[in-house]
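# Examination of the molecular architecture
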Amino acid sequence: MGWTARDIPDQSGRTAVVTGANSGLGEVIARELARRGARVVLACRSEERGAAAVRRLLAEVPEARAEFRPLDLADLASVRAFAAGLPYDRVDTLVNNAGLMAVPFARTADGFETQFGVNHLGHFALTGLLLDRLLAAGRARVVTMSSMAHAMANIDIHDLNSAHGYRSWQAYCRSKTANLLFTHELARRAEGQPLTAVAAHPGYAATELQAKGPRLAGSRVRERVMRLTLLVASSADHGAAPGLYAATAPRVAPGAFLGPTRLGTRGAPGPAWRAPWTRHDLAAELLWSESERLTAVRYGALG
């Protein structure tokens, strides 16, 4: 059967922050970390949906320590407010899970194309703003959720915000490549530090993510088609397993990319195939520099 959530080591005494934990993979990851004893912060944009997720978690794991805190990754002021208001002096696990997929063109509060802004820049800023607390934890993990869709598009360092033409799926795939380049560079910079940066993908899991883009575009036909494809998808519980493995399994290699091992869609978590451009040192450095410039977040101890 391979590794499952039942194999998660004891998380007592650890504090975890999970973005987008009000549904789908993030909700499962938060629940299972809490089940194993972690204090879990559900970082979500919607207070109503975040509070409801906490209630569901506590109904299933009554002894859990779980709380909602507002975080809008499409607004860097919200990201800064979240980090400043987090009342814990250490963060042992950060799961950068929230995201958008193939949505119509829009801009974040700071003027970035939304998929690049939310999926990459928001998480880049959040990780940097929590860096001191991650390093203080002693053996922290940063897990960033990517996708096998990264293989369909490399980033364009000269057009990160799709100013020269927008295609929703291309922008999504580029943002998932950015997630992997971010992990690659963070792992390199964290060498010798008590911090492990890894990435994961869920395979094809049934969540609300697939239908949101067509719904926002007003395409009922596309939304119906996407919902039909979910009939062959794995459950959110199975899709969350690679993220949980990345966050908790012993001896996970820095910079690793983990996913389902059966054709990349199902099965127990393990090493995943990745496009060669996601290991490109210069591209990762350039993206990092641009991300620092765009967010005005510097990583201090990691240079």
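Let us look at the structure shown here. (Residues numbered from 1 in each chain as written. Predicted model: local features only at pLDDT ≥ 70, side-chain atom pairs only at ≥ 80, totals over all residues. Heavy atoms only, no water.)

Before going further, it helps to examine the overall build of the protein. For the protein, the count of helices and strands is 10 helices and eight strands. Out of the 303 residues in the protein, the part that is buried amounts to 58%. In the structure as shown, the protein presents an accessible area of about 13,000 Å², 53% of it carried by carbon and sulfur atoms. (Helix = DSSP H or I, 4+ residues; strand = E, 2+ residues; numbered from the N terminus. Buried < 20%, exposed > 50% of the residue type's maximum accessible area, 1.4 Å probe, protein only. Areas by Shrake-Rupley, 256 points an atom, 1.4 Å probe, with all protein chains shown as cover.)

Turning to empty space enclosed by the protein, a few remarks are in order. Where empty space is left in the structure can be found by rolling a water-sized probe over the atoms. Taken as a whole and assessed by the stated rule, the structure comprises one cavity of 30 Å³ or more. One number sums up the size of the largest cavity: a volume of about 70 Å³. Class assignment for the residues of the lining of the largest cavity results in four nonpolar, two polar and four charged. (1 Å grid on protein atoms, 1.4 Å probe; cavity = no way out; pocket = protein on both sides within 12 Å on 5 of 7 lines; lining within 4 Å. Points joined across faces, edges and corners; volume = space filled by probe spheres on them. Nonpolar A, V, L, I, M, F, W, Y, C, P; charged D, E, K, R; others polar.)

Turning next to the pattern of salt bridges. One pass over the structure, following the stated rule, counts 12 salt bridges. The partner of Arg90 in a salt bridge is Asp92, and the shortest N-O contact between them spans 2.4 Å. You can call Arg90 partly exposed: its relative accessible area is 31%. Residues joined in a network through salt bridges with shared partners are Arg31, Glu32, Arg35, Glu60 and Asp237. (Salt bridge = Lys/Arg side-chain N within 4 Å of Asp/Glu carboxyl O.)

Let's shift gears to the packing of helix H4 (residues 114–129) against helix H10 (residues 281–295). Direction vectors running N to C along H4 and H10 enclose 85 degrees, while the axes themselves pass 10 Å from each other. Between H4 and H10, the interaxial angle falls into the category roughly perpendicular. Judged by residue contacts, Phe116, His120, Leu121, Phe124 and Ala125 of H4 engage Leu287, Trp288, Ser291, Glu292, Leu294 and Thr295 from H10. For the contact of H4 with H10, the class distribution of residues is seven nonpolar, three polar and one charged. (Axes fitted to C-alpha atoms, helices over the stretch in contact; angles between N-to-C directions. Parallel < 35°, antiparallel > 145°, perpendicular 65-115°, else oblique. Contact = heavy atoms within 4.5 Å.)

Val17, Phe82, Leu86, Leu134, Leu186, Leu195 and Tyr299 are the most contacted members of the largest nonpolar core, which has 48 residues in total. Sort the elements by how many residues they give to this core and H4 lands first, with six residues. In contact with Phe82, not counting residues within four places along its chain, are Val17, Val41, Ala43, Arg69, Pro70, Leu71 and Leu126. Core analysis: the next-biggest nonpolar cluster, separate from the first, contains 35 residues, Trp3, Val28, Leu33 and Leu258 among them. (Core = buried A, V, L, I, M, F, W, Y, C linked by side-chain atoms within 4.5 Å.)

This part takes up the sheet that holds strand S8 (residues 266–271). Here eight strands make up an open sheet; going across it, the order is S3-S2-S1-S4-S5-S6-S7-S8 and the pairing mixed. If you trace the sheet from one side to the other, it starts and ends with strand S3 (65–70) and S8, each paired once. For this sheet, the mean inter-axis angle between neighbouring strands, taken without regard to orientation, is 25 degrees. As paired strands, strand S1 (residues 15–19) and strand S2 (residues 39–44) are joined by five bridges and run parallel to one another. (Pairing = 2+ DSSP bridges.)

Another aspect to go through is helix H3 (residues 76–85). For an α-helix, 3.6 residues make a turn, and residues three or four places apart therefore share a direction. For H3, the set of buried residues is Leu76, Ser78, Val79, Phe82 and Ala83. Taken around the axis of H3, the buried residues stretch over an arc of 155 degrees, which confines them to a single face. Set apart from the buried face of H3 by more than 90 degrees, the exposed residues are Ala81 and Ala84. Those residues of H3 that are buried are in contact with S1, S2, S3, H4, helix H5 (131–136) and H10. At the N-terminal boundary of H3, the capping side chain belongs to Asp75, with an oxygen 3.0 Å from the backbone nitrogen of Ala77. (Arc of directions from axis to C-beta. Polar contact = N/O pair within 3.5 Å; in protein donor to acceptor, adjacent residues only side chain to side chain.)

The subject of this paragraph is the environment of Ser12. You can see Ser12 is positioned in the segment before S1. Measuring from C-alpha to C-alpha, the distance between Ser12 and Arg35 comes to 9.7 Å, with 23 residues separating the pair along the chain. When neighbours within four sequence positions are excluded, Ser12 is seen to be in contact with Arg36, Gly37 and Ala38. Within the local environment of Ser12, its side chain forms a polar contact with the side chain of Asp10, the two groups lying 2.8 Å apart.

Turning to the packing of aromatic side chains, a few remarks are in order. Under the definition given, this model contains eight aromatic pairs. Between Phe124 and Trp288, the ring centres sit 5.1 Å apart and the planes meet at 80 degrees, which makes this aromatic pair edge-to-face. On the criterion of sequence distance, the pair formed by Phe124 in helix H4 and Trp288 in helix H10 is long-range, its members being 164 residues apart. Here Phe124 and Trp288 have matching classes, each one buried. Summarising the aromatic geometry, the rings of Phe124 and Tyr299 are spaced 5.0 Å apart at their centres and angled 45 degrees between planes, so their arrangement reads as tilted. Remark: Tyr299 occurs in the segment after H10 and Phe124 occurs in helix H4; sequence separation between them is 175 residues. Here the two residues Phe124 and Tyr299 agree in accessibility, since each one is buried. Chaining the aromatic ring pairs together yields one cluster made of Phe124, Phe182, Trp288 and Tyr299. (Phe/Tyr/Trp six-rings, centres within 6.5 Å; stacked < 30°, edge-to-face > 60°.)

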